[in-house]
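Remarks on the overall topology
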Amino acid sequence: STSFDYIIIGGGTAGLVLANRLSSDSNISVAVIEAGDSVFNNPNVTSVTVFGLSLGSSIDWSYISRPQKYTGNRTLTYNAGKALGGTSTINGMTYLRAEKVQIDAWEKLGNEGWNWEGLWPYYLKKEAFQHPTEVQTENGATFESEAHGFNGAVAVGWSKYLMGQNMSDILRQTSEALGYHANSDANDGSMSGFTTWPLTLNATTNIREDAARAYYYPISGSRPNLCLFLNTTATRIVWEDSSKDSIMHARGVEVITPTNSTETLYTTGEVIISAGSIRSPALLETSGVGNPAVLEKFGIDPVIPLLGVGANLQDQPNIVISYSSPVNWTGYPSFVTYLTAKDLFGADFDSISRSVHSNISRYAATVTADLGSANETTISNQERLLKLQADLIFNSNSTVPLAELLWAPGPFSISSAFWNLLPFSRGSVHIGASDPMVEPSIDANFFQLPIDEYVQAAAAHRLRQLFKTPPLSTYVTSELAPSFTIVPEGADYGDGSWEQWIKAGYSTNQHPVSTCAMMGKELGGVVDSEGRVYGSGNVRVVDASVIPMQVSGHLSATVYALAEKMAERILSDRGRGVR
Ligand SMILES: Cc1cc2nc3c(=O)[nH]c(=O)nc-3n(C[C@H](O)[C@H](O)[C@H](O)COP(=O)(O)OP(=O)(O)OC[C@H]3O[C@@H](n4cnc5c(N)ncnc54)[C@H](O)[C@@H]3O)c2cc1C
């Protein structure tokens, strides 16, 4: 059959959750369209020894961004999984959710029921937590049972190779010496401090847990109502000819098959786009949903004018500080120190906070101007969004982590990758051509606003303090990057040499969100709180692109939970006959 109740575009992290849950009812037919192949036996995917084996390979879309105008027109590589399982097949497996108030903020953007309490059952539902072994506990693995689910689909645990050599104690004691407390479980909605995080892996088989292993392979072959189209690329939604009530309905999805022919899969129910933060907005645009100013540039007739499509991109800049060490550190490090704005700015917190709040209108004006097309957003909408973010981070009781220091000891060196978790800069993802096979144009506008530089520099400054503090200081010899020649010893966050070094060397942290934001349409939202595209009757988006504001965790845990919650919603709509 080429007609289905649900067509899911993208068999990735979110898409496979939906595929599994929707097809659990044998009366519901589900098609999954995935551009990539199965990678069940790909050793670069299954291996849990080191991060990054698949990056740049054939299962990575490896997009190149637009030149970043605030950082010398550098272009950046955006990795994204092109495989059954999507980006969960290539990611770093870090399993860290979000700070409670960040999810609560989603509700303030017009999403009833989207708060920490509402998402919590789904964080637990999807998880199959595995207790650490004695050795892993000795090496620093800690957790709180109440924060975990034990019967879900996604295996979560610690690596068999979790770094020992007392590294967890060294980093914990050093963090504590500077006032950053030990956090026994950062997955309970309270993330700040030092912790040893678990990974999405099967600790028994020692294999990466990706979305396909968790949600697809266990049911493949046993559900004739679930049809998977691999190596098949969706190019556009096919719409019903006319609409009585100005609400557009999808009739199907046009695809390019593995033999390069163009065909259409039809639906009697819904189309769900789960193509990720970079491809989902592009798919809407090639289907005529988006800002008319963008669509018309490429000769696409607007079917649903929707100004927010692709317009609210938020991502994080990542760079590494490195020290030489006399020790050959071995194993998989999974240690992190999360710092709040107060941790970062110390005595300057009050003045920075005042400055951010008094500059919100200026930030909004810059963001709006950079988004280019006058109609894409309005200054007052941006002000409201940026103010909400500022209130979360820069209030004197805030526990929201603003910077992540991810420790990476290795052979004769100790490094830390670090990033501003919540930049105020905003960018976009739009189509770069009318041809859906041409890669989208990604522009995160990194360091659009000076506050983002200060946060990144303050994290660097705090890291240097940590490297100077015992016991960590006794295990390092000299600074390799950036080095005191490039950034003088003692330079504080306002020192221009930090800015120069950071802007010349940062990369994306690969956490793009919000390009099809779930929020009020008047704020620039693309989908409502049920994932439905505004102006459409039967098209939803469910993936990282709907996350309306960046979170301090890594994304996959939240994407899985979000997809679980949406799946339940979709099934309940079906039960009530809602189309
Ligand atoms: C290098 C890297 C490291 C990361 N590390 C971590 C980490 O350690 N921990 C963590 O929690 N998160 C991490 N993340 C982020 C996290 O993995 C992603 O945010 C999350 O997996 C995204 O899920 P998604 O469902 O939105 O998209 P995806 O999982 O990317 O799924 C989208 C799917 O759609 C398919 N697709 C796209 N376009 C089409 C089309 N037109 N037709 C058909 N199919 C299409 C893609 O091939 C893909 O399979 C990392 C991300 C990257 C890139």
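Rules of the game
Residues numbered from 1 in each chain as written. Predicted model: local features only at pLDDT ≥ 70, side-chain atom pairs only at ≥ 80, totals over all residues. Heavy atoms only, no water. Helix = DSSP H or I, 4+ residues; strand = E, 2+ residues; numbered from the N terminus. Rg over C-alpha atoms; globule rule 2.2 N^0.38 Å. Buried < 20%, exposed > 50% of the residue type's maximum accessible area, 1.4 Å probe, protein only. Contact = heavy atoms within 4.5 Å. Areas by Shrake-Rupley, 256 points an atom, 1.4 Å probe, with all protein chains shown as cover. Lys, Arg positive; Asp, Glu negative; His and termini not counted. Charge placed at Lys NZ, Arg CZ, Asp CG, Glu CD. Core = buried A, V, L, I, M, F, W, Y, C linked by side-chain atoms within 4.5 Å. Polar contact = N/O pair within 3.5 Å; in protein donor to acceptor, adjacent residues only side chain to side chain. Near = heavy atom within 4 Å. Phe/Tyr/Trp six-rings, centres within 6.5 Å; stacked < 30°, edge-to-face > 60°. Lys NZ or Arg CZ within 6 Å of the ring centre and 35° of its normal. Salt bridge = Lys/Arg side-chain N within 4 Å of Asp/Glu carboxyl O.

This paragraph deals with the overall build of the protein chain. When helices and strands are counted, the protein chain shows 15 helices and 23 strands. Relative to a compact globule of 579 residues, whose C-alpha radius of gyration would be 25 Å, the protein chain shows 23 Å and is just as compact. Over its C-alpha atoms, taken along the principal directions, the protein chain stretches across nearly 70 × 55 × 40 Å. Burial analysis of the protein chain (579 residues in total) assigns 62% to the buried set. Within the protein chain, contacts between residues at least 6 apart in sequence are counted, and of these 74% link residues at least 24 apart. For the protein chain, the exposed area adds up to about 20,200 Å²; of that, 50% sits on carbon and sulfur atoms. Averaging the locations of the 38 positively and 56 negatively charged side chains of the protein chain gives two centres separated by 2 Å.

Now for the nonpolar core. In terms of nonpolar packing, the biggest core is built from 162 residues, with Phe-394 and Phe-424 touching the most fellow members. Apart from residues no more than four positions distant in its own chain, Phe-424 is found in contact with Val-356, Tyr-363, Val-367, Leu-386, Gln-389, Ala-390, Ile-393, Phe-394, Gln-448, Leu-449, Ile-451 and Asp-452. Listed in part, the nine residues of the second largest apolar core include Ala-105, Leu-388, Leu-392 and Met-519.

Further remarks concern the side chain of Asn-312. Mapped onto the secondary structure, Asn-312 falls in the loop between strand 15 (304-305) and strand 16 (317-328). Within the structure, the side chain of Asn-312 is placed 2.8 Å from the side chain of Ser-514, a separation counted as a polar contact.

Attention shifts here to helix 3 (residues 100-108). All of the buried residues in helix 3 are Gln-102, Ile-103, Asp-104, Ala-105 and Trp-106. On the buried face of helix 3, the contacting elements are helix 4 (116-125), helix 12 (379-393) and helix 15 (555-575). Phi for Gly-110, located one or two positions after helix 3, is positive at around 100 degrees.

Close to the ligand lie 37 residues; Thr-13, Glu-34, Thr-87, Thr-94 and Ser-556 are nearest. Contact between the ligand and Asn-91: an oxygen atom at 3.0 Å from a side-chain N or O atom of the residue. Between the ligand and Gly-92 there is a distance of 2.9 Å, counted from a nitrogen atom to a backbone nitrogen or oxygen. If the ligand stood free it would expose 1,000 Å²; the protein chains cover 96% of that surface.

This part is about unusual backbone geometry. With omega at 5 degrees, the peptide bond leading from Pro-470 into Pro-471 counts as cis. Tracing the chain through its elements places Pro-471 in the loop between helix 13 (450-467) and strand 21 (479-481). Look at Asn-73: it is not a glycine, yet its phi comes out positive at around 60 degrees. Within the secondary structure layout, Asn-73 lies in the loop between strand 3 (63-64) and strand 4 (77-78). A positive phi is found at Asn-166, a non-glycine position, where the angle reads about 65 degrees.

Aromatic ring pairs are reported here in terms of the distance separating the ring centres and the angle at which the planes meet. By the definition in use, this model includes 24 aromatic pairs. Seen from their ring centres, Tyr-323 and Phe-467 are 4.0 Å apart, and the 20 degrees between their planes marks the pair as stacked. Of this pair, Tyr-323 sits in strand 16 while Phe-467 is found in helix 13, placing the two residues 144 residues apart along the sequence. Ring pairs connect the aromatic residues Phe-345, Phe-349, Phe-394, Tyr-454 and Tyr-493, which therefore count as one cluster. A cation sits over an aromatic face here: Lys-82 above Trp-61, 4.6 Å from the ring centre. Here Lys-565 stacks its cationic end above the ring of Trp-114, 4.9 Å away from the centre of that ring.

A word on the pattern of salt bridges. This model, assessed by the stated rule, comprises 21 salt bridges. Arg-172 serves as the salt-bridge partner of Glu-176, at 3.2 Å between the closest nitrogen and oxygen. Highlighted residues: Glu-176 and Arg-172, both in helix 6 (residues 167-177), separated by four residues, approximately one helical turn. Taking the relative accessible area as the measure of exposure, Arg-172 reaches 25% and is therefore partly exposed. One salt bridge connects Asp-573 with Arg-540, and the closest N-O pair in it is separated by 2.9 Å. On the criterion of sequence distance, the pair formed by Asp-573 in helix 15 and Arg-540 in strand 23 (residues 539-541) is long-range, its members being 33 residues apart. Residues Asp-573 and Arg-540 agree in their burial class; the two are buried. Shared partners join several salt bridges into a network, and the residues in it are Glu-270, Glu-530, Arg-532, Arg-540, Arg-569 and Asp-573.

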